[in-house]
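What the coordinates show
This is what each chain is made of:
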Amino acid sequence: MNPVNYLYLAALLFTIGATGVLIRRNAIVVFMCIELMLNACNLAFVTFSRMHGNLDGQIIAFFTMVVAAAEVVVGLAIIVSLFRSRHSASVDDASLMKL
Amino acid sequence: MSFPLLTATAVLPAIGAVATAAVPAARRNAAKALALLFSLVTLALAIVVLVRFDPGGARYQLTESHSWIAEFGVRYELGVDGIGVALVALTALLIPFVILAGWHDADPLETGSKRWRPTQGFFALILAVEAMVILSFEATDVFLFYIFFEAMLIPMYFLIGGFGDRAHEHGEEAASTQRSYAAVKFLLYNLVGGLIMLAAVIGLYVVAGNFSLAEIAQARADGTLHMATSTERWLFLGFFFAFAVKAPLWPLHTWLPNAMGEATAPVAVLITAVVDKVGTFAMLRFCLQLFPEASKWATPVILVLAVISIVYGALLAVGQRDIKRLVAYASISHFGFIILGIFAMTSQGQSGATLYMVNHGISTAALMLVAGFLISRRGSRLIADYGGVQKVAPVLAGTFLIGGLATLSLPGLAPFVSEFLVLVGTFARYPAIGIIATFGIVLAALYTLVLYQRTMTGPVKPEVSAMPDLRARELVVVTPLIVLLIFLGVYPKPVTDIVNPAVKQTLSDVHKKDPKPEVEAAK
Amino acid sequence: MENLIALLIAAPLLGAAVLLVGGRRLDAVGQWVGTLLSTVSFVLGLVLFGDLLGRSAEDRTLTQHLFSWIPVEGFQADVGFRLDQLSMTFVLLITGVGSLIHLYSVGYMEHDERRRRFFGYLNLFLAAMLLLVLADNYLLLYVGWEGVGLASYLLIGFWQHKPSAATAAKKAFLVNRVGDMGLSIAIMLMFTTFGTFAFGPLLGAEGQQGIAGDASEGKLTAIALMLLLAACGKSAQVPLQSWLGDAMEGPTPVSALIHAATMVTAGVYLIVRSAAIFNGAPDAQLVVTVVGAVTLLFGAIVGCAKDDIKKALAGSTMSQIGYMVLAAGLGPIGYVFAIMHLVTHGFFKAGLFLGAGSVMHGMNDEVDMRKYGGLRKYMPVTFVTFGLGYLAIIGFPGLSGFFSKDKIIEAAFAKGGAEGWILGGCALLGAAITAYYMTRVMLMTFFGEERWKNQPTRSPEAPSAEPAAAHHGEHAEPHPHESPKVMTIPMIVLAFGSVFAGGFFSIGDRFLHWLEPVTGHSEGDSPLSVAAVTGATMVCLVIGVGIAYAQYGRRPVPVVAPRGSLLTRAARRDLLQDDFNHVVLVRGGEHLTRSLVYVDHTLVDGVVNGTAASVGGLSGRLRRLQNGFARSYAVSMFGGAAVLVAATLLMRAV
């Protein structure tokens with residue numbers, strides 16, 4: 001199968017993720033869309049690795065996963081504490097950079 | 001290595017500033033005394049510098065040189081020529097009077113007021129300004145000079161904005177608004193000037209490869225350092241702009257009346273008599289030495305601006321309703337004379353300009369401090385609120401008159417000597433400009449005498465009828481200034497002897513010779 | 001001997017310093033300290049005079065170099081003095097008349113609480129005036145020149161609580177400053193032309209020719225005209241005459257000393273001293289004579305219309321100085337006579353002013369001559385001394401004015417040509433008007449009915465003009481009385497001078513021989529004989545006196561001034577000069593400064609404030625982008641990224 005098709009898929013996933021970040025208000029959904037974008041990037045990295053025949057792309061993909069995992073930990077904690085204080089998970093409510 | 005005398009003159013007030021600021025809040029009077037003591041010791045040191053300085057000797061004396069930021073060729077280089085030493089002495093001389101005159105200016109407000117007034121801070125800031133001004137008179141490294149030239153804005157900003165004059169016709173609230181406006185205006189004007197100068201300083205480094213005034217000037221004189229005409233002109237303009245803001249030259253002057261009007265009288269003296277002198281001094285030292293050709297190229301425009309300053313400042317002084325703003329506009333007129341003298345490029349003009357810096361410092365201090373005493377008694381800066389003061393406070397009125405007469409350059413008082421030298425030096429090369437500038441002396445008489453007439457003569461106003469005459473502390477401030485004004489008016493030779501060789505050097509830097517008298521030239 | 005010259009100035013200067021700084025302790029003795037030191041100066045002057053007389057005519061120049069004042073590359077001003085016949089004449093006049101007036105003031109100012117300061121100022125004036133005439137270079141002369149201006153300012157405004165006095169003082173100083181501008185430009189011109197402004201090299205000394213003649217005529221004319229401007233300011237010549245009338249706000253001894261006998265004649269001194277320059281600039285000399293002729297008529301006409309005795313005398317002073325300036329403009333024909341008239345005028349005009357002061361002293365400080373009348377019975381000494389001064393000024397044969405003024409009229413004719421006729425005619429006309437207005441003053445004051453009886457002299461609102469004598473009781477009918485001895489003695493001495501000085505100077509041409517080595521002299525050639533000129537002068541005198549007698553001697557003088565003709569009304573207002581000044585200079589100046597203040601605020605400051613405001617507005621708008629919504633940041637981030645990608649692709653495509 002032509003690896004370029006994976007790139008098309010990655011672009012599609014990235015676009016879906018980006019649209020979700022821009023139009024959804026719910027912090028959890030925004031968060032998941034960000035994950036979607038990150039994974040679209042991972043897919044692109046792996047594809048490039050395959051196309052160029054070296055491992056750099058795959059290694060960077062691992063890094064991205066680690067960073068994404070760390071981000072999930074911090075991000076979810078913030079979202080939970082926001083929800084606790086405001087009883088809403090809307091990103092627009094949290095426009096003042098404080099609780 | 002000999003004792004670093006010049007560093008000491010600057011470090012001493014700096015230590016004084018820190019020490020004064022460190023005095024506990026309750027010991028207010030100790031802080032004042034400490035500040036006064038440090039300023040007096042600095043004065044003593046400045047006198048030592050003056051005595052050690054040999055007018056016939058090398059151009060820069062008492063020099064110190066240490067590497068500082070080696071990567072960029074920035075050095076800690078100090079040295080004074082005749083012009084610098086005169087201004088260091090002036091600064092050291094005036095600060096004790098400023099401190100003494102402002103003795104009660106930063107006292108806590110009457111009970112009930114919530115505003116916090118750090119008395120110690122006031123005196124510490126004054127000493128900090130002194131240290132930086134003295135260093136900028138002594139620095140012979142362009143970058144070093146730039147640092148202190150800019151850094152003195154910070155304490156000045158707080159002195160204007162934090163310890164301003166509370167007398168205002170529309171109450172204390174309006175005074176506070178006006179004060180912050182004035183302080184911000186002061187800062188912005190000078191920062192813009194400073195930033196443009198910074199660009200020029202960097203440009204100079206790019207062209208010359210180091211910051212040492214002596215080396216660059218030497219290289220320029222030898223012809224080893226060649227600058228393209230346009231480069232030199234741009235760099236000159238960058239430097240000159242900053243100095244013209246500081247001086248201030250028309251039309252960059254409008255910060256001065258605000259700053260002087262809103263600051264207390266001693267701080268106003270600090271601005272106009274000390275800090276602004278750095279601007280005119282730097283024109284002589286940096287603009288002319290580093291960029292002689294560009295200086296000559298810009299001369300016509302600068303002379304015209306200076307003449308406009310003279311006449312315009314004087315006319316606006318006539319139209320003022322506020323005593324302190326009147327003095328500020330008078331100062332703008334006087335700075336016009338100083339700049340005129342510098343760029344007339346004759347020995348008389350430049351000696352006169354240097355002398356003018358010293359004399360203007362003393363005469364403005366005398367006038368402004370007495371005006372401050374007057375204002376503190378009545379709580380108003382408006383001329384119209386006074387009348388007949390001389391009947392109730394004759395000594396105050398007498399000293400005010402002498403300060404005014406010095407401002408209008410009455411012969412026999414110091415400013416006359418310098419003003420006449422500037423005029424004659426200008427006239428020798430540019431007769432038309434000299435004649436227009438001479439109108440300034442008529443206008444000076446007008447604004448001074450109108451001020452005196454409206455405040456001091458006529459029927460006694462009920463509000464001033466209980467006004468006390470000058471107190472002992474105030475007399476101690478005013479008397480030495482007046483004695484100096486008379487002494488330097490009758491016998492200015494000590495100062496001219498110090499200044500003349502430096503002026504001769506500066507003139508040779510720009511390759512200018514005095515015009516010959518017509519009769520001699522014809523022979 | 002030379003060393004005494006500095007002492008001459010130092011004595012009154014010391015007096016001024018002691019009296020002004022000394023404080024209240026000296027209140028009781030201040031007047032005597034002042035008088036003593038001025039007398040010391042006079043005695044020193046006499047000693048020096050004796051010394052000069054003992055020398056040969058060519059050897060009568062003493063110089064004293066004190067110290068180098070302003071040494072700057074190429075510019076050398078020294079503090080040094082030069083005493084020759086010309087300055088000696090002035091020294092004796094200044095210190096002599098000055099000492100007499102000090103003495104007079106002891107009586108006149110007896111009840112003024114600020115008397116000590118008054119004497120301090122008087123001493124300051126003497127010192128400055130002596131410096132003016134003794135300086136050996138123009139810059140030092142300038143110091144004295146402005147110094148007398150300062151003293152005059154302080155003394156005119158001595159009663160500062162009167163707004164009119166303070167205004168008059170300011171006006172005097174300002175008008176003088178305009179003249180001073182002329183002097184400083186003249187000095188600058190001298191410096192650029194000759195490289196020096198010292199008398200020695202410039203005007204010549206010890207038989208050597210000065211370099212003044214080496215310059216082109218154009219330069220000399222410029223210098224001379226600037227010197228004339230200075231002289232016009234100090235000597236109240238048209239067009240800078242307006243301050244002198246107002247200067248009468250000062251105490252009367254001041255009017256006598258400064259604004260009649262000495263300071264106002266400094267302009268004449270300046271012109272005569274600069275003879276070497278004026279001689280090389282005939283055009284400027286012509287202007288000088290025109291100024292003199294115009295002023296002598298102007299002052300005389302103003303003097304005719306004033307009812308205020310001091311202002312009438314002030315008009316007369318202007319007119320008489322006009323004579324001197326006219327004479328000085330004639331060149332070597334007239335220099336000596338200008339100075340001679342100056343000296344005799346010093347005597348009789350000071351005497352007249354002191355007499356006026358004495359009259360006011362006895363009349364509750366009334367100055368309006370319409371409220372005088374018949375005072376000769378009550379003040380015999382004042383009447384006689386004033387009368388002798390009167391006869392002297394109108395040029396009654398045998399008295400001082402006769403000799404000195406006649407010489408000037410002769411010299412004016414001797415100028416020759418049409419100019420000579422015109423100038424001589426003006427001088428003759430002036431003599432007639434002088435006779436008229438002085439007779440008017442005399443008749444209104446000392447003769448006729450006693451108009452001061454049965455009417456309060458002063459409405460309660462009007463502030464007392466001379467508070468020195470405020471103790472008399474303000475609203476009572478005046479009781480004219482003779483002044484105390486301390487006042488009458490100086491008047492008597494001056495009356496002697498008024499009578500005999502002219503004759504003494506003229507017999508054997510003493511004064512001419514005395515001054516000739518300094519000023520030079522030439523006879524000119526007059527189209528008229530001396531006898532014819534004298535005859536014409538006498539005819540003018542008789543006409544003037546006759547008309548005045550017809551108007552004021554034979555008819556009663558109305559207490560309230562009649563409306564008068566157009567000319568009279570204009571003359572009362574200084575021939576509309578004041579109105580012109582007010583409208584053009586005062587009003588115009590106010591408008592100018594006010595609009596400049598506006599411009600400074602709105603335009604110069606406005607540009608800056610406008611820049612600040614627009615930066616502030618812009619940042620206010622930019623601030624709205626930072627709204628805190630994470631999704632709007634995300635949009636800008638994506639937008640930015642998209643732009644970057646597009647740009648990269650575009651760059652690659654290109």
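Residues numbered from 1 in each chain as written. Chains lettered and ligands numbered in written order. Predicted model: local features only at pLDDT ≥ 70, side-chain atom pairs only at ≥ 80, totals over all residues. Heavy atoms only, no water.

In the annotation of an unreviewed UniProt entry, chain C is listed under the name NADH-quinone oxidoreductase subunit L and assigned to Streptomyces humidus.

An unreviewed UniProt entry annotates chain A as NADH-quinone oxidoreductase subunit K originating from Streptomyces griseoruber. On record in UniProt, under Subunit (unreviewed entry), the comment for chain A is "NDH-1 is composed of 14 different subunits. Subunits NuoA, H, J, K, L, M, N constitute the membrane sector of the complex." Recorded in UniProt under Sequence similarities (unreviewed entry), the annotation for chain A is "Belongs to the complex I subunit 4L family." (UniProt positions renumbered as here; feature names shortened; annotations may be inferred.)

Side note on a nonpolar patch on the surface
Residues C:F580, C:V583, C:V584, C:L585 and C:V586 make up a contiguous nonpolar surface patch of about 460 Å² in total accessible area. Residue placement: C:V586 occurs in helix α23 (residues 577-623). (Patch = residues over 30% accessible without salt bridge, like charges linked within 9 Å, V, L, I, M, F, W, Y side chains within 5 Å. Areas by Shrake-Rupley, 256 points an atom, 1.4 Å probe, with all protein chains shown as cover. Salt bridge = Lys/Arg side-chain N within 4 Å of Asp/Glu carboxyl O. Helix = DSSP H or I, 4+ residues; strand = E, 2+ residues; numbered from the N terminus.)

Some details on the interface of chain C and chain A
Of the residues lining the interface, seven residues belong to chain C; the matching set on chain A comes to 12 residues. At the boundary of chain C and chain A, one finds one salt bridge. A salt bridge links A:D92 to C:R631, with the nearest nitrogen and oxygen atoms 2.6 Å apart. For the pair chain C and chain A, the interface holds three residue pairs in polar contact (both at pLDDT 80 or more). (Contact = heavy atoms within 4.5 Å. Polar contact = N/O pair within 3.5 Å; in protein donor to acceptor, adjacent residues only side chain to side chain.)

Quick look at the pattern of salt bridges
A pair can form between side chains of opposite charge whenever their charged atoms are brought close. This structure, assessed with the given rule, holds 28 salt bridges over all chains. For B:K185, the salt bridge identified is with C:D605, shortest N-O distance 2.6 Å. Separated into two different chains, B:K185 in helix α7 (residues 171-208) and C:D605 in helix α23 make up a pair that spans both. Judged on exposure class, the residue B:K185 and its partner C:D605 are both buried. Taking the shortest distance from any N to any O, the salt bridge between B:R378 and B:D385 comes out at 3.9 Å. (Buried < 20%, exposed > 50% of the residue type's maximum accessible area, 1.4 Å probe, protein only.)

Describing the UniProt feature "domain: NADH-Ubiquinone oxidoreductase (complex I) chain 5 N-terminal" (unreviewed entry) in chain C
If you check UniProt for "domain: NADH-Ubiquinone oxidoreductase (complex I) chain 5 N-terminal" (unreviewed entry), the listed places come out as residues 69-119 of chain C in our numbering. As annotated, residues 69-119 of chain C has a helix share of 57% and a strand share of 25%, and its two end C-alpha atoms lie 29 Å apart.

Topic: the pairing of strand β1 (residues 61-69) of chain B
In the sheet, β1(B) pairs with strand β2 (residues 74-80) of chain B via six bridges, with the strands oriented antiparallel. Bridge pairing links B:I69 to B:V74 in β2(B). (Pairing = 2+ DSSP bridges.)

Quick word on the nonpolar core
One finds B:F239, B:F243, B:F343, C:F75 and C:Y138 to be the most contacted residues of the largest nonpolar core, which totals 417 residues. For this core, the element with the highest residue contribution is helix α11 (residues 265-290) of chain B, accounting for 18 residues. Residues within four places of C:F75 in sequence aside, it is in contact with B:Q348, B:F420, B:L421, B:V424, C:I70, C:L139, C:F191 and C:F197. One finds A:A18, A:V30, A:M37 and C:A634 within the second-largest nonpolar core, a separate group that totals six residues. (Core = buried A, V, L, I, M, F, W, Y, C linked by side-chain atoms within 4.5 Å.)

Focus on the interface of chain B and chain C
Note: interface size is frequently given as the accessible area lost on complex formation between the parts. Every contact between the two is made by 65 residues of chain B and, on the other side, 54 residues of chain C. Overall, the association of chain B and chain C removes approximately 5,100 Å² of surface from exposure, summing both partners, and the carbon and sulfur fraction of that is 70%. Area buried by chain B at its contact with chain C is led by B:F420, B:F427 and B:V519, which between them contribute 11% of it. Viewed at the interface, chain C and chain B are joined by two salt bridges. Linking chain B with chain C are 18 residue pairs in polar contact (both at pLDDT 80 or more). If one sorts the elements of the side of chain B that touches chain C by residue count, helix α18 (residues 431-456) of chain B sits on top with 11 residues. Of the residues that constitute the side of chain B that touches chain C, the class distribution is 38 nonpolar, 18 polar and nine charged. (Buried area = accessible area lost by both parts, 1.4 Å probe. Nonpolar A, V, L, I, M, F, W, Y, C, P; charged D, E, K, R; others polar.)

Quick notes on the pairing of strand β2 (residues 75-83) of chain C
Residue and element names in this part refer to chain C. With eight of nine residues buried, β2 is to be regarded as a mostly interior element. Pairing analysis gives nine bridges linking strand β1 (residues 62-72) to β2, with the strands arranged antiparallel. Bridged to H65 within β2 is G80. Once β1 ends, the chain turns through two residues before running back antiparallel as β2, passing G74 with a positive phi of about 80 degrees.

Observations regarding the state of the cysteines
Cysteine pairs can be covalently joined through their sulfur atoms, and such a bond is termed a disulfide. Residue and element names in this part refer to chain C. Enumeration over the complete set of coordinates arrives at zero disulfides over all chains. With no disulfide of its own, C232 lies closest to C426 among cysteine sulfurs, the gap being 16 Å. C232 gets classed as buried once you look at its relative accessible area, which sits at 4%. (Disulfide = S-S within 2.5 Å.)

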